[in-house]
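Single-letter residue listing:
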Amino acid sequence: PLVVRPVGGPVEVIAGHRRLTACKIISKIMIPCTIREVDENTALILRIQENTHRLDVNPVDDALYFMKLMDKLNITPEELSKRIKRKVSYVEDRISVLSMPDILVFAVGNKDIGIRAAQSLMKITDEPYRDNLIEIAMRSGISADTADRWFRMWELNALPSTPTFENMAAAI
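Nothing here was measured: the structure is a model prediction, and the numbers come from that model.

Asks: I tried to follow the overall build of the protein on my own but got confused; where do I start?
Replies: Along the protein, the regular secondary structure elements total 10 helices and three strands. Starting at the N terminus and walking to the C terminus, you meet the elements of the protein as β-β-α-β-α-α-α-α-α-α-α-α-α. Since a compact globule built from 172 residues should have a radius of gyration of about 16 Å, the 21 Å found for the protein marks it as more spread out than a globular shape. With the C-alpha coordinates of the protein rotated into their principal frame, the extents come out at 65 × 40 × 20 Å. In the protein, buried positions account for 40% of the 172 residues. The contacts of the protein with a sequence gap of at least 6 include a subset with a gap of at least 24, amounting to 58%. Side-chain charges of the protein comprise 23 positive and 23 negative groups, with the mean position of each set lying 8 Å from the other.

Asks: Got a minute to help me understand the sheet that holds strand β1 (residues 2-6) in this structure?
Replies: Across a sheet, strands are paired by hydrogen bonds formed along the backbone, either parallel or antiparallel in direction. Strand order in the open sheet formed by three strands is β2-β1-β3, and the pairing between neighbours is mixed. The strands lining the two open edges of the sheet, one partner per strand, are β2 (11-15) and β3 (33-35). On average, each strand axis in the sheet is tilted by 40° relative to the strand beside it, whichever way the strands run. Pairing between β1 and β3: three bridges, direction parallel. When the bridges of β3 are listed, Leu 2 appears paired with Cys 33.

Asks: Which parts of the structure should I look at to understand the pattern of salt bridges?
Replies: Pairing between side chains of opposite charge can happen when the charged atoms of each approach one another. Summed over the entire model, instances satisfying the criterion amount to six salt bridges. Between Arg 5 and Glu 12 there is a salt bridge, and its shortest N-O distance comes to 2.5 Å. For Arg 5, a relative accessible area of 9% corresponds to the buried category. We note a salt bridge from Glu 40 to Arg 5, for which the minimum N-O separation is 2.6 Å. You can see Glu 40 sitting in helix α2 (residues 40-52) and its partner Arg 5 sitting in strand β1, a full 35 residues away along the chain. With relative accessibility at 34%, the residue Glu 40 sits in the partly exposed group. Sharing partners across several salt bridges, the network here consists of Arg 5, Glu 12 and Glu 40.

Asks: Whenever I open this one, a nonpolar patch on the surface confuses me. Can you help?
Replies: Side chains of Leu 64, Met 67 and Leu 98 sit close together on the surface and give an oily, nonpolar patch of about 240 Å² of accessible area. For Leu 64, the location among the structural elements is in helix α3 (residues 59-73). With a relative accessible area of 47%, Leu 64 lands in the partly exposed category.

Asks: Can you help me understand the nonpolar core in this one?
Replies: Across soluble globular proteins, you tend to see nonpolar side chains buried next to one another. Ranked by size, the top nonpolar core spans 24 residues in total, and within it Val 97, Ile 113, Leu 121, Leu 133 and Trp 150 carry the most contacts. At the level of elements, α6 (102-109), α7 (115-122), α8 (127-140) and α9 (144-155) are the ones that each hand at least two residues to this core. The element that contributes the greatest number of residues to this core is α8, accounting for five residues. Sequence-distant contacts of Val 97, defined by excluding residues within four places in its chain, comprise Val 60, Val 105, Val 108 and Ile 115. In this structure, Ile 48, Tyr 65, Leu 69 and Ile 75 belong to the second largest nonpolar core, which totals 14 residues.

Calculation criteria
Residues numbered from 1 in each chain as written. Predicted model: local features only at pLDDT ≥ 70, side-chain atom pairs only at ≥ 80, totals over all residues. Heavy atoms only, no water. Helix = DSSP H or I, 4+ residues; strand = E, 2+ residues; numbered from the N terminus. Rg over C-alpha atoms; globule rule 2.2 N^0.38 Å. Buried < 20%, exposed > 50% of the residue type's maximum accessible area, 1.4 Å probe, protein only. Contact = heavy atoms within 4.5 Å. Lys, Arg positive; Asp, Glu negative; His and termini not counted. Charge placed at Lys NZ, Arg CZ, Asp CG, Glu CD. Pairing = 2+ DSSP bridges. Axes fitted to C-alpha atoms, helices over the stretch in contact; angles between N-to-C directions. Salt bridge = Lys/Arg side-chain N within 4 Å of Asp/Glu carboxyl O. Patch = residues over 30% accessible without salt bridge, like charges linked within 9 Å, V, L, I, M, F, W, Y side chains within 5 Å. Areas by Shrake-Rupley, 256 points an atom, 1.4 Å probe, with all protein chains shown as cover. Core = buried A, V, L, I, M, F, W, Y, C linked by side-chain atoms within 4.5 Å.

Read these as geometric descriptors, not functional statements.
As structure tokens, then:
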């Protein structure tokens with residue numbers, strides 16, 4: 001069912017926007033709802049709880065929403081994680097994306113690179129070299145394990161001096 005809350009005359013959908021859209025498309029008149037008497041802050045938490053359990057959530061959107069919630073509610077990542085019933089690392093990993101270079105924020109937001117792979121690539125301190133690897137990673141859709149391997153190889157100075165898609169394919 002949808003989760004709604006009364007606000008004045010009509011109700012506000014807290015959770016179930018996609019279900020509501022689907023019901024509208026098929027012209028379903030009666031839609032099961034659970035009515036919750038909650039304030040705006042609790043409604044925000046309920047929305048994010050639902051969204052974090054969807055598979056298609058964009059990690060960058062999550063991070064921006066987490067930051068907004070923490071600012072609005074004046075809470076820490078630890079407190080937010082309790083309220084949305086997720087591990088602290090889940091919240092912190094997403095927030096960490098916002099401090100990455102724009103190219104990585106774009107790649108993670110576009111789901112070309114996962115968060116763990118992006119974190120491994122961030123360990124490479126040679127920015128131009130890292131940017132080349134990020135572009136290759138975006139084209140190839142590398143795994144977190146591959147990004148870890150690239151970082152370890154970079155630390156050992158065992159990667160090509162100029163990374164290209166072709167010469168990095170062996171390290172994928």
